[in-house]
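Survey of secondary and tertiary structure
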Amino acid sequence: MDAMTLLHERRSMGKLAGPAPSAEQLDAIYRAALRAPDHKEMTPYRFIEISGEGLDRLGELFARSDYQANPHIDDGSLDAARKKPRRAPMIIAVIARITPDLPKVPPVEQIISAGCAAHAMLYAAFAQGLGAMWRTGTYAHDRTVWRGLGLGEQEELIGYLYLGQPGGRYPDAPARNPADFVERWS
Ligand SMILES: Cc1cc2nc3c(=O)[nH]c(=O)nc-3n(C[C@H](O)[C@H](O)[C@H](O)COP(=O)(O)O)c2cc1C
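Residues numbered from 1 in each chain as written. Predicted model: local features only at pLDDT ≥ 70, side-chain atom pairs only at ≥ 80, totals over all residues. Heavy atoms only, no water.

For the protein, an unreviewed UniProt entry supplies the name Putative NAD(P)H nitroreductase and the organism Salinicola socius.

With nine of its 12 residues buried, strand β5 (residues 155-166) lies for the most part within the structure. Where strand β4 (residues 131-135) meets β5, five bridges bridge the pair, whose relative direction is antiparallel. By the bridge assignment for β5, Ala 132 is matched with Leu 163. (Buried < 20%, exposed > 50% of the residue type's maximum accessible area, 1.4 Å probe, protein only. Helix = DSSP H or I, 4+ residues; strand = E, 2+ residues; numbered from the N terminus. Pairing = 2+ DSSP bridges.)

Attention shifts here to the pattern of salt bridges. The final tally for this structure, using the stated rule, is eight salt bridges. Of the charged contacts in the structure, one is a salt bridge between Glu 60 and Arg 82, with a shortest N-O distance of 2.9 Å. Remark: Arg 82 occurs in helix α4 (residues 75-83) and Glu 60 occurs in helix α3 (residues 53-69); sequence separation between them is 22 residues. Of the residues examined, Glu 60 reaches a relative accessible area of 38% and is grouped as partly exposed. Classification of Arg 82 by relative accessible area gives partly exposed; the value is 29%. Where Asp 79 meets Arg 82, a salt bridge forms, and the shortest distance between an N and an O atom there is 3.4 Å. In this pair, Asp 79 and Arg 82 both sit in helix α4, three residues apart, roughly one turn of the helix. The partly exposed category is assigned to Asp 79, whose relative accessible area is 34%. (Salt bridge = Lys/Arg side-chain N within 4 Å of Asp/Glu carboxyl O.)

Written out as structure tokens, the structure reads:
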């Protein structure tokens, strides 16, 4: 796939089947992440690669998060939370590592850089025929989950990349016209 086709046609895939990406495919995905734009070369990100029983451990964190938000939650809903990570054979949690008090590279720039890394990973997955979907929701912003994943004081989880083999048809892309988004000064 040539670069422009990839840029114009990448899609997310929520329905994901096994097997998980191979070691070679993952290496290509991480290499793409490490080429994200990065002010002052801070590489302000790290990744947790979760598969197999690790997905169940993550599911326990999701259930704990729901329980803490609502101690009256019913068992069925807790079970549904536990199963959520099993929607894919692999999840990569993308974490921004923020260095505070840098006047030239404020935290927002470091978070954007981590977001660019995540975005590059989606492209690298799609280019290799894998399916991928960036998900957040409450579990991405909950301190219980962050602690369970071992995030440090200056770290923020910016998303879970669900990865696997595409398990369905890609939906048609929404029709968007660049002219609707561009103002020209010339
Ligand atoms: C930061 C971020 C968080 C997202 N969180 C979710 C989510 O929790 N659930 C979801 O269904 N889609 C989520 N999405 C959107 C999907 O990843 C995807 O981009 C969307 O379904 C559009 O599909 P496309 O990427 O093929 O255009 C998120 C996207 C971003 C950038």
